[in-house]
Amino acid sequence: MYKIIRKKELNPTVTLMEVEAPFVARKAEPGQFIILRVDEEGERIPLTIADYNREKGTITIIFQIVGGTTERLNRLGEGDCIQDFVGPLGTASHVEGLKKVAVIGGGVGCAIAYPVAKKLHELGAVVHSIVGFRNRDLVILEKEFRSVSDVYKMMTDDGSYGEKGLVTDALKALIESGEQYDEVIAIGPVVMMKFVSLLTKQYDIKTVVSMNPIMIDGTGMCGGCRLTVGGKTKFACVDGPDFDGHEVDFDEMMKRATVYKEFELHEREKACNLFSKEVK
Ligand SMILES: Cc1cc2nc3c(=O)[nH]c(=O)nc-3n(C[C@H](O)[C@H](O)[C@H](O)COP(=O)(O)OP(=O)(O)OC[C@H]3O[C@@H](n4cnc5c(N)ncnc54)[C@H](O)[C@@H]3O)c2cc1C
Ligand code: FES
């Protein structure tokens with residue numbers, strides 16, 4: 001059992017939890033993830049390691065409440081325990097040797113992009129961060145991102161905070177103003193990563209995306225997380241989650257992500273109903 005030692009709501013649908021998991025904390029690197037099970041009957045879901053503290057033996061996760069399991073997880077509080085917490089899984093992000101990088105985060109993807117930006121900053125790279133949210137109320141990790149960025153651009157779809165527009169607008173403007181990046185790292189909704197990759201392809205800038213297909217074991221045993229990269233089948237849990245954005249078949253990935261939609265809706269309703277009964 002893995003104890004939650006800190007819980008913080010970052011916005012109405014995004015929660016941060018710091019969890020005691022010393023064996024995971026000992027080896028965790030940015031870009032890796034864990035798979036957890038809330039309780040004995042729970043499904044396994046992957047969440048990125050947003051931060052780690054080797055001395056304290058803790059792992060920080062940041063999750064968006066999108067369905068049944070994240071709803072159940074969000075119901076746990078400080079002092080409660082998570083049944084299973086397996087990791088670190090996946091291949092760590094390759095950040096060594098990069099001198100100037102644009103890190104793009106979309107929505108809760110910022111929780112995944114932040115540790116990568118932080119590591120790049122610690123290694124001495126120039127970091128330009130571009131973050132995008134639907135509106136001001138959904139903004140997360142602003143202070144943290146700013147503290148590791150040489151340039152920080154905040155974009156909102158409705159213009160309620162920062163600049164109005166998409167992350168691709170800001171990236172295009174920076175590139176056209178003469179900024180030259182060794183690499184662009186984009187993490188967020190699949191559609192955002194697709195359009196960042198299409199843009200950078202025009203300028204021939206290497207682009208790394210973090211893919212989030214459905215996962216089950218997360219250790220390479222089932223292929224539930226498969227995707228096509230450069231015409232070849234890859235397993236995101238072991239070969240990734242980072243891949244070359246110019247090679248990923250995003251359209252196939254988006255189609256596969258909707259396979260369990262009806263079942264997911266049902267599970268969420270079940271979790272919400274259970275909760276409304278408990279609070280009565
Ligand atoms: C490597 C990786 C890292 C991730 N990191 C984060 C993170 O740091 N923060 C965060 O908020 N989310 C992250 N996700 C997504 C997270 O796993 C899903 O939001 C979660 O599984 C949803 O479960 P649910 O039951 O609450 O929602 P559901 O109603 O089951 O699903 C809602 C959405 O989540 C996707 N999803 C459902 N089950 C899985 C699964 N087993 N694996 C992957 N996606 C699934 C569905 O395709 C759907 O789009 C990550 C996914 C992957 C693959
Ligand atoms: S989740 Fe089973 S192989 Fe990746």
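As recorded in an unreviewed UniProt entry, the protein goes by Sulfide/dihydroorotate dehydrogenase-like FAD/NAD-binding protein and comes from Candidatus Borkfalkia ceftriaxoniphila.

Student: Any chance you could explain a nonpolar patch on the surface here in plain terms?
Tutor: Where nonpolar side chains cluster on the molecular surface, the patch consists of Val191, Phe195 and Leu198 and spans about 270 Å² of accessible area. Note that Val191 resides in helix α6 (residues 190–203).

Student: Just checking my understanding: could you explain the UniProt feature "domain: FAD-binding FR-type" (unreviewed entry) in the protein for this structure?
Tutor: Taking the UniProt record as the reference, the feature "domain: FAD-binding FR-type" (unreviewed entry) is found at residues 1–95. Here residues 1–95 is 14% helix and 46% strand, with 33 Å between the C-alpha atoms at its ends.

Student: Even after reading the chapter, I still don't get α6, so can you show me in this structure?
Tutor: Look at α6: 20 Å from first C-alpha to last across 14 residues, which is about the 20 Å you get at 1.5 Å a residue. All buried positions along α6 are accounted for by Val190, Met192, Met193, Lys194, Val196, Ser197, Leu199 and Thr200. At the exit of α6 stands Asp204, carrying a positive phi of roughly 60°.

Student: What's the story with the pattern of salt bridges in this structure? I'm lost.
Tutor: Oppositely charged side chains are able to pair whenever their charged atoms sit close together. Overall, the coordinates contain 11 salt bridges when judged by the stated rule. Across the pair Asp251 and Lys194 runs a salt bridge whose closest N-O atoms are separated by 2.8 Å. In this pair, Asp251 sits in helix α8 (residues 250–257) while Lys194 sits in helix α6, placing the two residues 57 residues apart along the sequence. Residue classification places Asp251 among the partly exposed positions, given a relative accessible area of 46%.

Student: Help me out: how do you make sense of the layout of surface pockets in this one?
Tutor: If a probe the size of a water molecule is rolled over the atoms, the empty space left behind becomes visible. Its volume calculated, the second largest pocket comes out at about 320 Å³. Residue lining of the second largest pocket: 20 residues in total, with Arg6, Leu16, Ile62, Leu141 and Glu144 positioned closest to the centre. Those elements that place two or more of their residues in the lining of the second largest pocket are β1 (2–11), β2 (14–20), β5 (51–53), β6 (58–64) and α4 (142–147). With four residues, β6 is the single largest residue contributor to the lining of the second largest pocket. Partitioning the lining of the second largest pocket into residue classes produces 10 nonpolar, three polar and seven charged.

Student: It is not clear to me how the pairing of strand β14 (residues 207–210) should be interpreted in this structure. Could you clarify?
Tutor: Along a regular strand, successive side chains alternate from one face of the sheet to the other. Here β14 shows a buried face lined by Thr207 and Val209 and a second buried face lined by Val208 and Ser210. Bridge analysis of strand β13 (residues 183–187) against β14 gives three bridges, and the strand direction is parallel. If you follow Val184 over to β14, its bridge partner there is Thr207. Taken together, β13, α6 and β14 constitute a β-α-β crossover, and its handedness is right-handed. Inspection of the sheet shows β14 paired to strand β17 (residues 242–244) by three bridges, in the antiparallel sense. Bridged to Val208 within β17 is Asp244.

How each quantity is defined
Residues numbered from 1 in each chain as written. Chains lettered and ligands numbered in written order. Predicted model: local features only at pLDDT ≥ 70, side-chain atom pairs only at ≥ 80, totals over all residues. Heavy atoms only, no water. Patch = residues over 30% accessible without salt bridge, like charges linked within 9 Å, V, L, I, M, F, W, Y side chains within 5 Å. Areas by Shrake-Rupley, 256 points an atom, 1.4 Å probe, with all protein chains shown as cover. Salt bridge = Lys/Arg side-chain N within 4 Å of Asp/Glu carboxyl O. Helix = DSSP H or I, 4+ residues; strand = E, 2+ residues; numbered from the N terminus. UniProt positions renumbered as here; feature names shortened; annotations may be inferred. Expected span 1.5 Å × (residues − 1). Buried < 20%, exposed > 50% of the residue type's maximum accessible area, 1.4 Å probe, protein only. 1 Å grid on protein atoms, 1.4 Å probe; cavity = no way out; pocket = protein on both sides within 12 Å on 5 of 7 lines; lining within 4 Å. Points joined across faces, edges and corners; volume = space filled by probe spheres on them. Nonpolar A, V, L, I, M, F, W, Y, C, P; charged D, E, K, R; others polar. Pairing = 2+ DSSP bridges. Right-handed = clockwise from strand over helix to strand, strands pointing away.

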